[in-house]
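Structural overview
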Amino acid sequence: MGLLQAIFGKMKIGAPAAGFWTTLDGYTPHFTSWGGELYENEIVRAAINATATHVSKLRVTVQGPANPKLQTRLKQGPNEWQTWGQFLYRLATILEMQNTAFIVPVLNEFGETVGIFPVLPSNCDIVAYRGTPWLRYTFSNGQTAAIEMARCGIMTKFQYKSDIFGEDNRALTPTMELANLQNQGIAEAVKNGASYRFIAQLNNFANDEDLKKEAKRFSRENLQGEGGGVLLFPSTYQNVRQLENKPYVLGTEEMQRIRTGVFDYFGTNEDVLQNRAFGDKWNAFYEGKIEWFSVQFSDVATRMLFTERERAGGTMLMATANRLQYMSNTEKLNVSAQMADRGIMNRDEIREIWNLPPLPDGQGQAYTIRGEYYLLGSDGSVTKKGDDLTDGK
């Protein structure tokens, strides 16, 4: 119970007494994947891993003045057991698998939030205690835990029937059944390809008993030896023929259709899975998949960590990515030159595109503007800038 105890606190672990809870929502999702083995399929796992891997590279920062003690802790990591990369990878995997991901606060002995943690319940429901809605989690080991709903974060996709939770993965069942049958067909084809079967006509046997004895004798003398050899067919056998078993295996087009169905469902593609996506291709994947995750996570985490007044004051948690790092070297060079010449990006920002560290002593915070550019003031004045360095003004 150690980890759950540390996350939820002593008073929220265990089965509640009778009459302690009042159920508020009749929709109680059971977060089981297809056949219990969705993550065991290699295509599904590769698709989820590709998304979770890119999500884990998001940069999590806190902006604003509120709760500096919590901000200091979050700079070190989401909790004492995970890095931000591990946390985001785990959270994205849960969301992709269950279409609902729960983030709960890590509490200290005083009930203060000191971090966040992604939990994986087997089911969850909304209950009320003394007029306050709570989320009650049941885990695969039978343990239960509950915490105020206002202190939790819930990320969803495919949300339809429930006002709180996402749908299950039954829509993927036909595709997964085809993939399962295909794998079985390939396995049977390999097994049958290693065996030989023959059919022959036997002469001069009067009854079934003699036929059985002859079949056993032939098998014992020809097929049960320890070494190799040849099959001997005496004159009692006629029309000897080998039986060829040709199991049905889906063609290339049908197999690709299965893969495409999985990719469409999880919002990815083969270039992303095989790390071939860069430039415009990676930007399309980012905007369609990663950015959606980062926006929802930022909103959910900000709401659960900071009060309405703190949020109104500009405090927020943000998950962002530098998409320019995924351009080709030619594109990076062009962006670097154009942004630097116009004073839009400083040298440290450009070095980040090339995965280089910032310059020491703040030297990289200066902006460079080429001499042939002119600064047009709001009053209509025109000032020509030389090849100098400015402090960002």
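Going by the structure above, here's the rest.
Every chain begins its residue count from 1, and numbering advances along the sequence as written. Selection of residues for local features in this predicted model requires a pLDDT of at least 70, selection of side-chain atom pairs for listing and counting requires 80 or more, and totals for whole chains, interfaces and linings are taken over all residues. The basis for the side-chain values is all heavy atoms of the structure; hydrogens and waters are excluded.

1. A few points about unusual backbone geometry
The condition is simple: Put simply, DSSP H or I for four residues or longer makes a helix, DSSP E for two residues or longer makes a strand, and each gets a number counted from the N terminus. The cut-offs for exposure are 20% and 50% of the maximum accessible area for each residue type, with area from a 1.4 Å probe on protein chains only; residues under the lower value are buried, those over the upper are exposed, and the others partly exposed.
Phi is positive for F158, which is not a glycine, with a value near 50°. In this structure, F158 sits in the loop between β8 (153–156) and α5 (173–193). For F158, a relative accessible area of 38% gives the class partly exposed. The phi torsion at N275 lies on the positive side, around 60°, for a residue other than glycine. Assessed through its relative accessible area of 68%, N275 is described here as exposed.

2. Side note on the pattern of salt bridges
Quick note on the threshold: Only one rule defines a salt bridge in this text: a Lys or Arg side-chain nitrogen within 4 Å of an Asp or Glu carboxyl oxygen.
Scanning all chains against the criterion turns up nine salt bridges. Here E270 makes a salt bridge to R259, at a shortest N to O gap of 3.4 Å. Taken together, the residues span a long stretch of sequence, with E270 in helix α8 (residues 270–273) and R259 in helix α7 (residues 252–266) at a distance of 11 residues. Here D271 ties to K281 by a salt bridge, and the two come within 3.1 Å at their closest N and O atoms.

3. Quick look at the nonpolar core
Put simply, the test is: Definition used in this section: a nonpolar core is a set of buried Ala, Val, Leu, Ile, Met, Phe, Trp, Tyr and Cys residues joined via side-chain atoms within 4.5 Å.
In terms of nonpolar packing, the biggest core is built from 34 residues, with I103, M155, F293, F297 and L317 touching the most fellow members. Breaking this core down by element, the ones donating at least two residues are α2 (42–55), β2 (59–63), α3 (68–76), α4 (84–98), β3 (100–107), α9 (280–305) and β11 (316–320). Considering every element that reaches this core, the biggest residue donor is α9, with 10 residues.

No statement about biological role is implied by the geometric values presented.
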